[in-house]
Amino acid sequence: GLLLHLVDMGPLGEPVADVATIVAELEQFSPELAARERWLVLNKIDLLPEAEREQRCRDVVAALQWQGPVFEISALAADGTDRLVQAAMDFIETRAAVEDAADAG
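Residues numbered from 1 in each chain as written. Predicted model: local features only at pLDDT ≥ 70, side-chain atom pairs only at ≥ 80, totals over all residues. Heavy atoms only, no water.

**Brief notes about the nonpolar core**
Core analysis: the largest hydrophobic core is formed by 12 residues, namely Val 7, Met 9, Val 19, Val 23, Leu 40, Leu 42, Ile 45, Leu 48, Cys 57, Val 60, Leu 64 and Trp 66. Sorting the residues of this core by element identifies α1 (15-29), β2 (37-43) and α3 (50-64) as the ones contributing at least two each. It is α3 that contributes the most residues to this core, three residues altogether. Excluding residues that lie within four positions of it along the chain, Cys 57 makes contacts with Met 9, Leu 42, Ile 45 and Glu 72. (Core = buried A, V, L, I, M, F, W, Y, C linked by side-chain atoms within 4.5 Å. Buried < 20%, exposed > 50% of the residue type's maximum accessible area, 1.4 Å probe, protein only. Helix = DSSP H or I, 4+ residues; strand = E, 2+ residues; numbered from the N terminus. Contact = heavy atoms within 4.5 Å.)

**Some words on unusual backbone geometry**
Even without a glycine there, the phi angle at Lys 44 is positive, about 65 degrees. Relative to the elements of secondary structure, Lys 44 occurs in the loop between β2 and α3. Notably, Gln 65 is not glycine yet its phi reads approximately 50 degrees, a positive angle. Along the chain, the position of Gln 65 falls in the loop between α3 and β3 (70-72).

Written out as structure tokens, the structure is:
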């Protein structure tokens, strides 16, 4: 399975603290869930000043020491959402193909 960490990059968001809290709770609740592939989705990038957007996103990724895929989106403006949806579909299709191959044995 796949887990998406959707975080608010707007002025009221606390993306680093939010993800750290979710990850800690997830690891306590279910190590099995915590071991799943996880993607970081930085939402509301449209609320960031354009000149600061790239650096702010990089800072969050660095602070979290995030190793997995990162998607920068604005759900409201539908900016970056196509890339996220396509990546999710590719993930699902690849996963299904692998499971089919394993079942065929």
